[in-house]
Amino acid sequence: MAADEHKIFVKPEILLMEDVLTPLAEGELRVPRYQRPFVWRPQQILDLFDSIERGYPIGSLLFWDTYEEYATFDSIGDLPMPPPPHQDRPVSYVLDGHQRLSALYATLQRPADARRSSAQHDWMWWTYRVLGEADDGLNRYRHWKSADSPPKNYLPLRATLRTRDFLAFSRDLIGDPPHGMDPDRLIREAEVVAQRIKSYRIAVVRLVGGDLTDAVEVFSRVNSTGQAMRPSQMVSALTYRKDGQQSLAERLDAMVEQVADTGFGEISTDAVFRAVLAVAGEDNVQEVRWEVLARRVQDKLEEATKDTERALLRTVVCLRDTMGVPLARLIPYDAQLMLLTTFFHHCPEPSSGQFEELTRWFWVTSWSGFFAGANTTQIKQAIQQMRRFAQEKGSVTPPGVQARPFPDRFDLRSARVRAFIIWELKEFPERLGPDGSILRAVDILAQGATTAYRHVVSKRGLATASSPANRLIMTTQPGISVRGTLLALPAGIRDRILASHGIPEEAMGQLAAGDDEGFIETRRSFLAERERAFMTRFELTGNPSVGETDIDTD
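A brief report on the enclosed structure follows. Everything quoted here is computed from the prediction, not taken from an experiment.

Observations concerning the sheet that holds strand E7 (residues 127–130)
Either a parallel or an antiparallel arrangement is found when strands of a sheet pair, and the pairing is made through backbone hydrogen bonds.
Logical step 1: Spatial ordering of the open sheet is given by E8-E7-E9, a layout of three strands whose pairing is antiparallel. For this open sheet the edge positions go to strand E8 (141–143) and strand E9 (154–156), each flanked by a neighbour on one side alone. Each strand of the sheet is rotated relative to its neighbour by a mean of 40 degrees, with strand direction disregarded.
Logical step 2: Pairing of E7 with E9, which is carried by three bridges, proceeds in the antiparallel orientation. If you follow Val-130 over to E9, its bridge partner there is Tyr-154.
Logical step 3: Sitting on the sheet, helix H2 (residues 42–54) touches E7 and E8, and the angle it makes with E8 is about 155 degrees.

Next up, the structure:
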């Protein structure tokens, strides 16, 4: 085979909106199934169109033209796709831009008789530009979350590329104008919006020829966001088969969704991907030549993903029931999830001694920051240790490590802060509300971890205001602060409520006296001492000081 037969050529283009969407409508441009499904939030669709109207760049699209045939999605957004029209012509595959294209196509090409309802999977595609609002820099695009017709001044974006539909919208506006609005002025504004969408130019980088490995290599180096292709995406593409079998990316998404359905929340796709590699027998799951690894694990992936799925569910049960991690969002390090999954693959039914050691390992690595910035060699050794431990050989807890100090600020990007939250939820399991009723802290936390923990003292300029000791999970009446709620607790149940939140009497006296800093420092010392006492169960030395909060995770 000649050396240049697989050479890939790059052809940049600038296309108008209609020139990008027409090939999708005709089946000539397709999304391969090794891509992730549509995952954008509705607000991202609105932001996309706001950027287009303002002339802001939305990033380039990356297409690959080839005669190779790959299984593709049957729909874009929620609109069905026709099959490729010509078998003797190359097909263009979307390598980068699936989310943007889906948002554009399913909104702008929406049929008039498409379903409307109050369900998000329906209304998210019905996007409108509100006419007659002042341009104050805010987004003027809206979704209409009802099966009923929207207000007359809501320009449906599906009409902007269709002359007949745009004229029908204009006639309706003139025939029944919104109260107090000039229909001619609204139509002129609508014409400007439609023209900006029609004339918007999109940069397209077209790859011609080569094979899938060539195309993925280009994508791994350059894409619209300037970020490298994620390893899981790359290996998914490189191990993709043409027989329509689920891609690795689809299997990973399914596992993430399966765990979320248990109520544990969304785990890291990258952690699951690396668990699949470890289960497949790989030691180096961090930084490798992904195309080489893809060839090596190609024939193992089907079995490895099934094994990982079973081991992952055991891992979630262990984290939740043994370690006390109520939500996936609180797992300190992705490496912990990956390593526990590796263990449960090799040892589905651990002994009580193994459970004790795994619990100790979890807490010690969480408090000490053991996996912060862990390099390839450390992760490789940890995987090998887990495999040996699964055979009841040796231990996994790292020796000679010390806990990081009590964090000086509440930031969930810190593994140390997440470990503190897990401990605090275990230490004070039954929180009481202002009326003495039980607060379901985990349920509140699941709705938003950062907003769940509310400030007690909100005074600006206070050095200790960011401390975790200044945060509580506490419900309040509208307009009443957490501080005001604490100071107004009924005398008969006050002490029980304070104790359930880990607030010592001395700290409460300082808050009542207006000594805000004293309240935070006293409660911080109280919590830190209780936490260090818990650490001694695992033979870990607690750090008595307060230290800078390390941001060591995403």
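Points about the pattern of salt bridges
Logical step 1: Taken as a whole and judged by the stated rule, the model has 38 salt bridges.
Logical step 2: A single network of salt bridges, built from pairs that share partners, joins Asp-50, Glu-53, Arg-54, Arg-129, Asp-135, Arg-140, Glu-189 and Arg-196.

Quick look at the packing of aromatic side chains
Logical step 1: Overall, the coordinates contain 26 aromatic pairs when judged by the stated rule.
Logical step 2: Taking 6.2 Å as the distance between ring centres and 80 degrees as the angle between the ring planes, the aromatic pair formed by Trp-423 and Phe-428 counts as edge-to-face.
Logical step 3: Accessibility expressed as a relative area gives 5% for Phe-428, which makes it buried.
Logical step 4: Taken together, the ring pairs connect Phe-362, Trp-363, Trp-367, Phe-534 and Phe-538 into an aromatic cluster.
Logical step 5: Over the face of the ring belonging to Trp-126 we find Arg-116, whose NZ or CZ atom lies 3.8 Å from the ring centre.
Logical step 6: Over the ring of Tyr-141 we find Arg-129, and its NZ or CZ is 6.0 Å from the ring centre.

Remarks on the environment of Tyr-34
Logical step 1: On the secondary structure map, Tyr-34 appears in the loop between strand E2 (29–30) and H2.
Logical step 2: For the pair Tyr-34 and Ala-71, spaced 37 residues apart in sequence, the C-alpha to C-alpha distance is 8.5 Å.

As for the sheet that holds E2
Logical step 1: If you trace the five strands from one edge of the open sheet to the other, you get E1-E10-E3-E6-E2, paired in mixed fashion. Every other strand in the sheet has two partners, leaving strand E1 (8–16) and E2 as the edge strands with one partner each.
Logical step 2: Across five bridges, the pairing between strand E3 (residues 61–66) and strand E6 (residues 91–96) is antiparallel. Across the sheet, Leu-62 pairs through a bridge with Asp-96, a residue of E6.
Logical step 3: Across the sheet, helix H1 (residues 17–25) touches E1, E2, E3 and strand E10 (201–209), and the angle it forms with E1 is around 115 degrees.

A few points about helix H15 (residues 376–390)
Logical step 1: The end-to-end C-alpha distance of H15 is 21 Å, a good match for the 21 Å that 15 residues give at a rise of 1.5 Å each.
Logical step 2: Buried residues of H15: Ile-379, Ala-382, Ile-383, Met-386, Arg-387, Phe-389 and Ala-390, and no others. In an axial view of H15, the angular spread of the buried residues amounts to 165 degrees, which keeps them on one side of the axis.
Logical step 3: The N-capping residue of H15, defined by a side-chain oxygen 3.1 Å from the backbone nitrogen of Thr-377, is Asn-375.
Logical step 4: Of the residues flanking the end of H15, it is Glu-392, one or two places downstream, whose phi is positive at about 60 degrees.

Basis of the calculations
Residues numbered from 1 in each chain as written. Predicted model: local features only at pLDDT ≥ 70, side-chain atom pairs only at ≥ 80, totals over all residues. Heavy atoms only, no water. Pairing = 2+ DSSP bridges. Helix = DSSP H or I, 4+ residues; strand = E, 2+ residues; numbered from the N terminus. Axes fitted to C-alpha atoms, helices over the stretch in contact; angles between N-to-C directions. Contact = heavy atoms within 4.5 Å. Salt bridge = Lys/Arg side-chain N within 4 Å of Asp/Glu carboxyl O. Phe/Tyr/Trp six-rings, centres within 6.5 Å; stacked < 30°, edge-to-face > 60°. Buried < 20%, exposed > 50% of the residue type's maximum accessible area, 1.4 Å probe, protein only. Lys NZ or Arg CZ within 6 Å of the ring centre and 35° of its normal. Expected span 1.5 Å × (residues − 1). Arc of directions from axis to C-beta. Polar contact = N/O pair within 3.5 Å; in protein donor to acceptor, adjacent residues only side chain to side chain.

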